[in-house]
Amino acid sequence: MQILKKSVRLRFEPEFVLELEPSPHHPLTTPRYHYITISRYHHMINHMTINEIQDEIIDEFSFFGDWMEKYEYIIDLGKQLPLIEEQYKDEEHLIKGCQSQVWLQADQNGDQVVFTADSDAVITKGIIALLIRVLSGHSANAIADADLYFINKIGLKEHLSPTRSNGLLSMVKQMKMYGLALQAK
Amino acid sequence: MIKVPIAVDMEKVRADFPLLNREMNGKPIVFLDSAASSQKPQAVIDQLDAYYKQQNANVHRGVYQLSQEATTAFEKGRELAKSFINAGSLKEVIFVRGTTEGINLVASSFGRKFLQAGDEVLISAMEHHSNIVPWQMICEERGAKLKVIPINEAGELLMDEFDQLLTEKVKIVAVTHVSNTLGTINPVKEIIDKAHQKGVPVLIDGAQAIPHMKVDVQELDADFYTFSGHKMFGPTGIGVLYGKEEWLEQMPPYHGGGEMIETVTFEKTTYNELPHKFEAGTPDISGVIALGTAIQYMQTIGHEAIQEHEHELLQYATEQLKQIEGIRIIGTAEQKASVVSFLAEGIHPYDLGTILDKLGIAVRTGHHCTQPLMDWYGIPGTVRASLAFYNNKEDIDKLIEGVKRAIKMLG
């Protein structure tokens with residue numbers, strides 16, 4: 001893996017631009033980075049499998065010393081990513097949670113399903129960014145069958161518990177439903 | 001009976017609550033969610049234990065000694081509840097599962113008997129869902145309308161509007177004594193007096209008042225007053241509905257079953273006397289007995305000491321929060337009890353609550369089951385810190401420190 005010393009910008013014409021920058025939470029000597037996308041179609045570059053991405057995230061999170069670092073990173077993800085276009089933040093795309101709200105939009109691109117989502121709470125949004133990184137840009141089959149073990153492994157299980165009622169669990173269910181529905185087509 | 005410890009020093013009182021010794025997320029717990037459910041003193045826990053070890057038997061039916069003992073202990077719970085709220089008679093003290101069931105009982109039973117098409121039920125803008133939905137359900141069934149007393153920005157009822165809304169169409173008024181979201185203490189005596197001038201009965205949701213202040217239902221002249229045991233240091237699953245005998249006698253039973261009958265034939269059943277008419281099935285025997293212990297426990301500390309201590313803490317918390325830049329207090333009524341709701345500018349309550357949780361601080365975030373109230377303020381919810389007499393200044397200091405830290409992370 002390439003070590004990034006400064007931001008780089010990768011252009012995949014015509015649909016998306018990908019920006020990579022060193023993660024502020026890791027020393028530059030470690031091969032860690034996170035990406036900020038400008039286009040919502042960045043997910044299409046997923047050449048890794050769902051499990052490979054999950055393992056990558058688990059590996060990234062293993063470098064955090066305590067919960068503060070972990071949450072700062074999630075908050076960062078939540079703040080930086082423009083996840084959904086405003087037009088989709090409507091009733092139709094809304095997943096109501098008791099605590100926070102989530103909007104989810106699914107597009108089909110060839111045999112890939114591309115998700116965009118958003119939330120009114122930044123921690124929820126940061127976790128959404130991770131879920132999208134894992135699930136978006138894969139086949140309906142792969143999404144429907146995905147076992148999202150990374151959430152447990154990185155210690156964010158509580159955010160996907162039904163009692164938390166932040167819309168995340170419903171969002172994951174909804175994403176899988178899209179997968180199932182498209183699989184059936 | 002378990003002996004209730006005599007305690008006046010609030011730090012000693014705190015030591016009576018074993019749960020407060022535990023940790024949350026690796027930090028000593030700062031419990032500021034008593035408005036959702038309070039912690040239990042050792043005396044209540046011991047009472048539950050003792051009941052199941054030594055007294056457990058069904059009540060009211062047994063000829064054997066054990067059942068009689070259980071019945072005596074159970075009915076002692078009713079006596080304690082009666083004196084706690086100064087009810088006029090034991091017939092007026094009905095055991096329910098909690099405030100929600102108390103309101104559902106009245107809405108359903110009173111509604112079926114007294115509500116007609118075109119009638120109105122008057123509630124307030126700051127009601128908990130449990131004092132909205134049961135009324136909506138019965139209104140829909142009976143073709144009646146739900147009307148709402150509005151509030152001002154501070155979270156106080158607009159009493160002029162109340163006067164206007166109190167027309168001859170209104171058949172019952174149902175308001176909360178203390179708001180679970182804002183902490184507002186409503187002028188329930190004034191509401192009751194005004195309603196009575198028009199012959200309208202009033203139900204008071206006392207869930208948030210009873211753990212914090214002396215309630216005298218006869219002095220208030222409330223027609224119905226209901227509260228939950230678990231918010232006043234008793235067990236979950238037990239609550240009290242006080243109702244004036246004159247109303248309860250006229251109302252049909254709510255649930256059918258054992259205990260509430262006098263004679264049953266397949267043709268006709270006659271109902272038992274009050275309060276049993278409204279207590280179908282085996283009651284929460286251990287809950288009633290331990291609720292009695294919670295009442296004795298509170299009486300030992302004394303309402304004055306409780307109120308004074310909590311008022312001081314609430315003032316302190318409010319002042320400290322106000323000093324943090326970007327904090328907005330939701331609910332600034334003149335008369336408040338034990339609840340401070342707030343928002344940090346640009347920060348979602350869920351995010352703030354999540355960080356506080358990681359710091360070992362238990363607060364509630366969200367709409368607190370008062371969605372219409374949140375809509376009125378145009379906010380998704382609040383962060384709510386709610387107090388009980390076992391809280392101390394150190395808890396508040398930790399909250400303030402936690403809020404500052406969370407704002408730094410999230411802002």
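Residues numbered from 1 in each chain as written. Chains lettered and ligands numbered in written order. Predicted model: local features only at pLDDT ≥ 70, side-chain atom pairs only at ≥ 80, totals over all residues.

**Quick word on the overall build of chain A**
Secondary structure summary: chain A contains six helices and seven strands in total. Moving toward the C terminus, one meets the helices and strands of chain A in the order β-β-β-α-α-β-β-β-α-β-α-α-α. Out of the 185 residues in chain A, the part that is buried amounts to 36%. If you take every contact in chain A between residues at least 6 apart in sequence, the share linking residues at least 24 apart comes to 61%. (Helix = DSSP H or I, 4+ residues; strand = E, 2+ residues; numbered from the N terminus. Buried ≥ 20, exposed ≤ 12 C-beta atoms within 10 Å, placed from the backbone. Contact = placed C-beta atoms within 7 Å.)

**Quick word on the pairing of strand E17 (residues 382–386) of chain B**
Residues and elements named next belong to chain B. Of all five residues that make up E17, five are buried, and the element is covered over most of its length. Neither face of E17 is exposed, since Thr-382, Arg-384 and Ser-386 on one face and Val-383 and Ala-385 on the opposite face are all buried. Sheet topology places strand E14 (residues 339–344) next to E17; four bridges connect them, and they run antiparallel. What sits directly across from Phe-342, in E17, is Val-383. In terms of strand pairing, strand E16 (residues 364–366) meets E17 through three bridges, oriented antiparallel. The partner of Thr-365 across the bridge, within E17, is Val-383. (Pairing = 2+ DSSP bridges.)

**Side note on the environment of Asp-118 of chain A**
All names here are of chain A. With respect to the helices, strands and loops of the structure, Asp-118 is situated in strand E6 (residues 112–119). Judged by the 23 C-beta atoms lying within 10 Å of it, Asp-118 falls in the buried class. Between the C-alpha atom of Asp-118 and that of Glu-91, which follows or precedes it by 27 residues, the distance is 13 Å.

**Brief notes about the sheet that holds E17 of chain B**
All names here are of chain B. One open sheet accounts for four strands, arranged E13-E14-E17-E16; its pairing is antiparallel. Pairing within the sheet leaves two strands with one partner each, and these edge strands are strand E13 (327–330) and E16. Neighbour to neighbour, the strand axes of the sheet diverge by 30° on average, direction disregarded. Across the sheet, helix H12 (residues 349–358) is in contact with E14, E16 and E17; its angle to E16 comes to roughly 160°. (Axes fitted to C-alpha atoms, helices over the stretch in contact; angles between N-to-C directions.)

**Quick look at unusual backbone geometry**
Residue and element names in this part refer to chain B. With an omega of -5°, the peptide bond between Leu-274 and Pro-275 qualifies as cis. Tracing the backbone shows Pro-275 in the loop between strand E12 (269–271) and helix H10 (285–301). We note that His-60 has phi near 70°; this positive angle belongs to a residue other than glycine. Inspection of the secondary structure assignment puts His-60 in the loop between helix H2 (42–55) and helix H3 (65–85).

**A short note on helix H14 (residues 393–410) of chain B**
In an α-helix there are 3.6 residues to a turn, and that puts residues three or four apart on one side. All names here are of chain B. Compared with the 26 Å implied by 1.5 Å per residue over 18 residues, the 26 Å span of H14 between its first and last C-alpha is a close match. Those residues of H14 that sit buried are Asp-395, Ile-396, Leu-399, Gly-402, Val-403, Ala-406 and Leu-410. All buried residues of H14 fall inside an arc of 120° around its axis, so they share one side. Structural note: H14 exposes Lys-393, Glu-394 and Lys-408 on the side pointing more than 90 degrees away from its buried face. (Expected span 1.5 Å × (residues − 1). Arc of directions from axis to C-beta.)

**Focus on the confidence of the model for chain A**
Residue and element names in this part refer to chain A. Taken as a whole, chain A shows an average pLDDT of 76; of its residues, 73% reach a score of 70 or greater. By mean pLDDT, strand E1 (residues 8–12) is the weakest element of chain A at 41, and helix H1 (residues 50–61) is the strongest at 95. Scored below 50 in pLDDT, residues 1–20 shows 39 contacts in the model against residues more than four places distant or in partner chains. Predicted confidence for residues 22–44 stays below pLDDT 50, and this span has 55 contacts to residues more than four positions away or in other chains. (pLDDT = per-residue confidence, 0-100.)

**Observations concerning the interface of chain B and chain A**
Listed as interface residues are eleven residues of chain B and, on the opposing side, 13 residues of chain A. At the level of secondary structure, the elements contributing two or more residues to the side of chain B that touches chain A comprise H12, E16 and H14 of chain B. A per-element tally of the side of chain B that touches chain A places H12 of chain B first, with five residues. Considered class by class, the residues forming the side of chain B that touches chain A number five nonpolar, four polar and two charged. (Nonpolar A, V, L, I, M, F, W, Y, C, P; charged D, E, K, R; others polar.)

**A closer look at the environment of Lys-82 of chain B**
Residues and elements named next belong to chain B. With respect to the element layout, Lys-82 can be found in helix H3. Overall, Lys-82 belongs to the partly exposed group, with 19 C-beta atoms counted inside 10 Å. For the pair formed by Lys-82 and Glu-92, sequence separation is ten residues and the distance between their alpha carbons is 8.1 Å. Those residues in contact with Lys-82 that lie beyond four places of it in its chain are Ala-87, Leu-90 and Val-93.

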